[in-house]
Amino acid sequence: MARNTSGPHAPPTLTVKGRNVRIRTLGAVVLAGLAIWFIAANTGSVAIRLWIPTVTLPLWAVLAVTLVAGMVLGGYLFRRRARR
(Lines give C-alpha, C1' and ligand atoms only; values in the text may rest on other atoms or scores of the structure.)
Protein backbone atom coordinates (compact mmCIF):
# COMPACT_ATOMS: atom_id res chain seq x y z
CA MET A 1 0.00 0.00 0.00
CA ALA A 2 1.38 3.33 -1.01
CA ARG A 3 0.00 6.70 0.02
CA ASN A 4 -0.91 8.98 -2.87
CA THR A 5 -2.17 12.51 -3.37
CA SER A 6 -3.18 13.72 -6.83
CA GLY A 7 -2.97 17.43 -6.13
CA PRO A 8 -2.71 19.99 -3.38
CA HIS A 9 -6.40 19.64 -2.40
CA ALA A 10 -7.07 16.02 -3.37
CA PRO A 11 -8.22 13.61 -0.65
CA PRO A 12 -5.55 11.21 0.60
CA THR A 13 -5.70 7.77 -0.95
CA LEU A 14 -4.02 4.41 -0.62
CA THR A 15 -3.21 2.11 -3.52
CA VAL A 16 -4.76 -1.31 -2.91
CA LYS A 17 -4.25 -3.95 -5.61
CA GLY A 18 -3.53 -1.28 -8.19
CA ARG A 19 -6.59 0.86 -7.36
CA ASN A 20 -6.64 4.17 -5.53
CA VAL A 21 -8.97 4.00 -2.52
CA ARG A 22 -9.79 6.97 -0.27
CA ILE A 23 -8.78 6.54 3.35
CA ARG A 24 -12.29 7.64 4.39
CA THR A 25 -13.74 4.74 2.36
CA LEU A 26 -11.45 2.23 4.05
CA GLY A 27 -12.42 3.59 7.46
CA ALA A 28 -16.12 3.28 6.62
CA VAL A 29 -15.66 -0.33 5.47
CA VAL A 30 -13.78 -1.22 8.68
CA LEU A 31 -16.44 0.43 10.88
CA ALA A 32 -19.25 -1.30 8.97
CA GLY A 33 -17.50 -4.65 9.41
CA LEU A 34 -17.08 -4.07 13.15
CA ALA A 35 -20.74 -3.04 13.46
CA ILE A 36 -21.92 -6.16 11.63
CA TRP A 37 -19.69 -8.34 13.81
CA PHE A 38 -21.04 -6.66 16.97
CA ILE A 39 -24.62 -7.16 15.81
CA ALA A 40 -23.99 -10.83 14.98
CA ALA A 41 -22.36 -11.45 18.38
CA ASN A 42 -25.40 -10.16 20.33
CA THR A 43 -28.24 -12.62 19.77
CA GLY A 44 -30.15 -12.55 23.07
CA SER A 45 -33.67 -11.17 23.48
CA VAL A 46 -34.38 -7.82 25.12
CA ALA A 47 -37.53 -6.09 26.31
CA ILE A 48 -37.96 -2.57 24.95
CA ARG A 49 -40.50 -0.17 26.32
CA LEU A 50 -42.01 2.04 23.65
CA TRP A 51 -44.13 4.75 25.29
CA ILE A 52 -46.98 2.38 26.20
CA PRO A 53 -46.32 -1.17 24.93
CA THR A 54 -43.35 -3.32 25.90
CA VAL A 55 -41.91 -5.29 23.00
CA THR A 56 -39.55 -8.27 23.22
CA LEU A 57 -37.16 -8.48 20.28
CA PRO A 58 -33.81 -10.10 19.50
CA LEU A 59 -30.99 -7.70 20.34
CA TRP A 60 -29.49 -8.08 16.85
CA ALA A 61 -32.69 -6.65 15.32
CA VAL A 62 -32.64 -3.64 17.64
CA LEU A 63 -28.96 -2.99 16.88
CA ALA A 64 -29.52 -3.37 13.13
CA VAL A 65 -32.42 -0.88 13.16
CA THR A 66 -30.32 1.54 15.21
CA LEU A 67 -27.40 1.18 12.78
CA VAL A 68 -29.58 1.82 9.73
CA ALA A 69 -31.28 4.82 11.39
CA GLY A 70 -27.87 6.26 12.29
CA MET A 71 -26.56 5.76 8.76
CA VAL A 72 -29.63 7.44 7.23
CA LEU A 73 -29.46 10.38 9.62
CA GLY A 74 -25.69 10.75 9.18
CA GLY A 75 -26.00 10.60 5.40
CA TYR A 76 -28.73 13.23 5.44
CA LEU A 77 -26.73 15.59 7.65
CA PHE A 78 -23.51 15.02 5.68
CA ARG A 79 -25.22 15.68 2.35
CA ARG A 80 -26.90 18.78 3.74
CA ARG A 81 -23.58 20.15 5.04
CA ALA A 82 -21.85 19.44 1.71
CA ARG A 83 -24.40 21.56 -0.19
CA ARG A 84 -23.53 24.71 1.79
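Residues numbered from 1 in each chain as written. Predicted model: local features only at pLDDT ≥ 70, side-chain atom pairs only at ≥ 80, totals over all residues. Heavy atoms only, no water.

### Looking at the confidence of the model for the chain
Taken residue by residue, the chain gives an average pLDDT of 83. The fraction at 70 or more is 85%. Per-element confidence in the chain ranges from a low mean pLDDT of 57 for strand β1 (residues 3-4) to a high of 93 for strand β5 (residues 54-58). (pLDDT = per-residue confidence, 0-100. Helix = DSSP H or I, 4+ residues; strand = E, 2+ residues; numbered from the N terminus.)

### Notes on the pairing of strand β3 (residues 19-22)
Two elements, strand β2 (residues 13-16) and β3, share 4 bridges in a ladder whose sense is antiparallel. Each bridged residue has a counterpart across the sheet, and for Thr15 the counterpart in β3 is Asn20. If you look at the hairpin formed by β2 and β3, you'll find 2 residues sitting between the two strands, and Lys17 has a positive phi there, around 50°. (Pairing = 2+ DSSP bridges.)

### Things to note about the environment of Thr56
Mapping Thr56 onto the fold places it in strand β5. Thr56 gets classed as exposed once you look at its relative accessible area, which sits at 57%. With 11 residues separating them in the primary sequence, Thr56 and Ser45 have C-alpha atoms 6.6 Å apart. Contacts of Thr56, omitting those with residues within four sequence positions, involve Ser45, Val46 and Ala47. (Buried < 20%, exposed > 50% of the residue type's maximum accessible area, 1.4 Å probe, protein only. Contact = heavy atoms within 4.5 Å.)

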